[in-house]
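# Understanding the architecture of this molecule
Residue strings, one per chain:
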Amino acid sequence: MSVLNKRKILVAGNWKMNNNNKETEAFLENLNVEFNNEKVEVLLCVPYTNLGVALNLTKNSNVKIGAQNCHFKENGAYTGEISPLMLKEIGAEYVILGHSERREYFNETDETVNLKLQAVLKNELKAVVCVGETLKQREDKITKEIISMQLKKGLKNILEEHVKNIIIAYEPIWAIGTGKTASKEQAQEVCEHIRNVLGEIFSKEKAEEILILYGGSVKAVNCEEIFKQKDIDGGLIGGASLNVSEFKEMISIANGI
Ligand code: PGA
């Protein structure tokens, strides 16, 4: 990473629909890892039902807690939904938006991602906005077009003053949970493209401030080369974030870069 690059490295776990309260407790009690807070940020996005326990156990630590989704309204007749206001009230700081699993199984679109993003930013939470192409789109050589479109629609009408609360996660769908990681060159190429598009949407200067994560089969053995890429500022880690020793190892690796 260049000396001029002042962006932090964000090591973010996405637990998906895993871990109960007891397992959350055991994980957090074992997450006794030292890191330089100026340089590294650690985030765990847990199921809604674990937020209370996770927030309580991280009260006196540098570990941040987030959700994996939310609705775009603050309240109302939306049975089964959780609003950004509710997340804010219990002390969550982050929320993942537009994960490919939500796009695939829950009809999430760039338009709903945008509505959710506006609501999340209004409630002063930080959003991790996910973008990424399918294998077919990569083979058809339209990855960059797809990513540009997801960013332009997903970030529509977002004010520059809110940019500090936006993180982008590049997650090629073909690399999620498959054991297939994008090569560091492939990941860097798309993350650089993302930064250029962010520069067009906001400004070049603002785009330099935004953290861009890579996600898709990130683990302890491959995270270092990924985190060292110029336009990659950490990882959104699924499977490997469920194992506390592996997660700690990734935090230590980020801390040593
Ligand atoms: P994975 O998931 O690390 O298990 O591939 C990443 C994600 O879906 O965020």
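Up top you'll find the structure we're talking about.
Described below are features of the structure shown in this document.

About the thresholds
- Residues numbered from 1 in each chain as written.
- Predicted model: local features only at pLDDT ≥ 70, side-chain atom pairs only at ≥ 80, totals over all residues.
- Heavy atoms only, no water.
- Helix = DSSP H or I, 4+ residues; strand = E, 2+ residues; numbered from the N terminus.
- Rg over C-alpha atoms; globule rule 2.2 N^0.38 Å.
- Buried < 20%, exposed > 50% of the residue type's maximum accessible area, 1.4 Å probe, protein only.
- Contact = heavy atoms within 4.5 Å.
- Areas by Shrake-Rupley, 256 points an atom, 1.4 Å probe, with all protein chains shown as cover.
- Lys, Arg positive; Asp, Glu negative; His and termini not counted.
- Charge placed at Lys NZ, Arg CZ, Asp CG, Glu CD.
- Pairing = 2+ DSSP bridges.
- Axes fitted to C-alpha atoms, helices over the stretch in contact; angles between N-to-C directions.
- Core = buried A, V, L, I, M, F, W, Y, C linked by side-chain atoms within 4.5 Å.

What follows concerns the overall build of the chain. If you tally the helices and strands in the chain, you get 11 helices and eight strands. Computed over the C-alpha atoms, the radius of gyration of the chain is 17 Å, within 12% of the 18 Å expected from 2.2 N^0.38 for a compact globule of 257 residues. Based on the C-alpha atoms only, the size of the chain along its principal axes is roughly 45 × 45 × 35 Å. Buried positions account for 51% of the 257 residues belonging to the chain. For the chain, long-range pairs separated by at least 24 residues make up 72% of all intrachain contacts whose partners lie at least 6 apart in sequence. A total accessible area of about 12,200 Å² is found for the chain, and carbon and sulfur atoms account for 50% of it. The positive charge centre, built from 32 side chains, and the negative charge centre, built from 36, are 1 Å apart in the chain.

Before going further, it helps to examine the sheet that holds strand β6 (residues 166-170). One closed barrel holds the eight strands; their spatial order is β1-β2-β3-β4-β5-β6-β7-β8, and the pairing between them is parallel. For this sheet, the mean inter-axis angle between neighbouring strands, taken without regard to orientation, is 25°. Relative to strand β7 (residues 211-215), β6 runs parallel, the two being bridged by four bridges. In the strand pairing of β7, I167 is matched with L211.

Counting residues in each nonpolar core, the largest one holds 67 residues, and the members touching the most others are V11, L31, I168, I194, L198 and F247. Among all residues touching L198, those that are not within four sequence positions of it are L151, L155, I168, S203, A207, I210 and I212.

What follows deals with the side chain of K116. Relative to the helices and strands, K116 is located in helix α5 (residues 110-122). By relative accessible area, K116 is classed as buried at 6%. Other than its neighbours up to four places away in sequence, K116 contacts N69, C70, H71, F72, L97 and E108.

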